[in-house]
Amino acid sequence: MDLDILCFNIATLIAGVFVLDYGADKFLHHTVIVGRRLGISPTLVALLTAGAEYEELAVVIAAILQHRSSLALGNLMGSAISNILGAFSLGLLCHPGNMEFDSSAKMYTGILLSVTTLFVVLAFFNLLNKVTGGILVAVFALYIISIGYAIYKGITDPPQMSDSDSEVEVFTTDEERPTASGSWTSAPESSPLLGDANLRQEGENERLLRPLYQHVFQLLVGLCALSLSGYIIAHSAGTIADSFKLSGTVFGLTVIAFATTLPEKLLSVLSGFRGQGGIVVATTAGSNIFLLTLCVGIVAIAGVPVNGTDTFVLFDLVIVWMSALCFVAVVFLGPSRTAGLVFLAAYIMFLVLEFSVYKH
C-alpha cells in the first residue's frame, strides 16, 4: 500500500465533499427560482436536471473501456438502491413536517417502477444485449420528451409551500421576494453596520430582478459542480478501496455507489430542511430513471458480456425492485419519518449483507 497515494486520495475525497456542498446548495436554490419564474413545478425542473447523473455515466464509460462490466453494472444497481434507501430516507427524516408531493412527482415515481421492472426482467433472464440496450436508451429519450411536453403543456401543479414555511425562507433565500402585486423583486443589500438606514431606504436600494437566464446559468453551474464532485469522489473512493483490496462487484454496489450518490443525498437533506418534498422525489426518481435506462443501455450496447454469475446475484435484483416498489408506496400513501427510518435501516442492512454474505 502506497501511503502517499492513499493520503492524496483521502484529501481529494474531502475536497470533493466541499465541491458537492457548493453545487447542491446552488442547484437547489436556483431550481426553485426557475420553476417559480416559469410557473411550473420545481419537481419537473429537478426531474429534467438532477436526473442527469453525469458522474455515474463517466464511471460507466470508464469501466467499459477497462472491460470491467461487473463494476459498471454493480455501480448502477447499487446507486439505484442508494438513491431510494439512502438519499430519499434522509429527505424524509430532515423534513420539518409532512411532505406534500404534486401530481408530477407521483406520475414519475410510477414511471420509475415500470422502468425498474423492465430492467430487473432483462437482467434476470440475461437479455441485456445491443437490442435491449437500444430499447433502454429509447425509453430514456421518451422520458426526456415527456418532461418537455409536460412543461410545454403546463401539465403540472403550481409550486406548493408548506404552511410552516414563508416565501422568503423557502423560495427566495437571500435573492428574491414577492411584492404585494405578485411580481418578484430582489432583496436589498443589508449590513449590520448600516442599522436603520436600510429600512428607511429599502425601496430605493432594491436591485432589479435578475434575468431568468442568469438563474438558469447558475442552476447549470450547480449541476456541473454536482457532476464534478461525484466524479472526484467516485475515483478517489475507488483508489482508496483498491488500496484495501476490495472485490469488484461489492466495490461497485457499495463503495462506488455510495460515493457517486452523495450529491443526491445532500440534495435530499437540503430539500427536506427547506420543505421541498417534490424535489426530494424528483432527484430520486430522475436519477434512477437515468441510471436504469441510459446508463444500463450503454453497458448493454457496448457488447460487454453480462451474465448473472459474475455481476450480481438474485438478492441484488430483488432489492432494486423492492426499493422502487416501497418508494412508490411512500409517495402515494403519504410519507413519514418512520418510513425514512425503515428505509435507512434497510440500506444499512443491505451494506452489511453485501460485505458479509454476498461479498464473493
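Below: a short report on this structure. Remember, predicted model here, so these are calculated numbers, not experimental data.

Cut-offs applied
- Residues numbered from 1 in each chain as written.
- Predicted model: local features only at pLDDT ≥ 70, side-chain atom pairs only at ≥ 80, totals over all residues.
- Heavy atoms only, no water.
- Core = buried A, V, L, I, M, F, W, Y, C linked by side-chain atoms within 4.5 Å.
- Buried < 20%, exposed > 50% of the residue type's maximum accessible area, 1.4 Å probe, protein only.
- Helix = DSSP H or I, 4+ residues; strand = E, 2+ residues; numbered from the N terminus.
- Expected span 1.5 Å × (residues − 1).
- Arc of directions from axis to C-beta.
- Phe/Tyr/Trp six-rings, centres within 6.5 Å; stacked < 30°, edge-to-face > 60°.
- Axes fitted to C-alpha atoms, helices over the stretch in contact; angles between N-to-C directions.
- Parallel < 35°, antiparallel > 145°, perpendicular 65-115°, else oblique.
- Contact = heavy atoms within 4.5 Å.
- Nonpolar A, V, L, I, M, F, W, Y, C, P; charged D, E, K, R; others polar.

Bringing the nonpolar core into the picture now. Leu47, Phe88, Phe119, Leu128 and Phe327 are the most contacted members of the largest nonpolar core, which has 66 residues in total. Counting residues in hydrophobic clusters, the runner-up holds 15 residues, among them Phe27, Ile40, Leu219 and Leu262.

What follows deals with helix α16 (residues 337-355). Look at α16: 27 Å from first C-alpha to last across 19 residues, which is about the 27 Å you get at 1.5 Å a residue. Three or more residues of α16 are buried, namely Ala339, Gly340, Phe343, Tyr347, Phe350 and Glu354. The buried residues of α16 all sit within an arc of 105° when viewed along its axis, so they share a single face. The exposed residues of α16 that point more than 90 degrees off its buried face are Thr338, Leu341 and Ile348.

Moving on: the packing of aromatic side chains. A full pass over the atoms with the stated rule returns eight aromatic pairs. Seen from their ring centres, Phe88 and Phe327 are 4.8 Å apart, and the 90° between their planes marks the pair as edge-to-face. With Phe88 in helix α4 (residues 69-94) and Phe327 in helix α15 (residues 314-333), this pair connects stretches of sequence that are 239 residues apart. Measuring from centroid to centroid gives 6.0 Å for Phe140 and Tyr143, while their planes differ by 40°, and the two rings are tilted. Of this pair, Phe140 and Tyr143 both sit in helix α6 (residues 130-153), three residues apart, which is roughly one turn of the helix. As far as the burial class goes, Phe140 and Tyr143 line up, both buried. By the ring-pair criterion, three or more aromatic residues cluster together here, those being Tyr108, Phe140, Tyr143 and Phe290.

At their nearest, the axes of helix α5 (residues 103-124) and α6 sit 12 Å apart, and the two run at 175° to each other. In terms of orientation, α5 and α6 fall into the roughly antiparallel class. Between α5 and α6, the residues in contact are Tyr108, Val115, Leu118 and Leu122 and Thr132, Leu136, Val139, Tyr143, Ser146, Ile147 and Ala150, respectively. Residues of the contact of α5 with α6, tallied by class, amount to nine nonpolar, two polar and no charged.

Just geometry here; none of it tells us what the structure is for.
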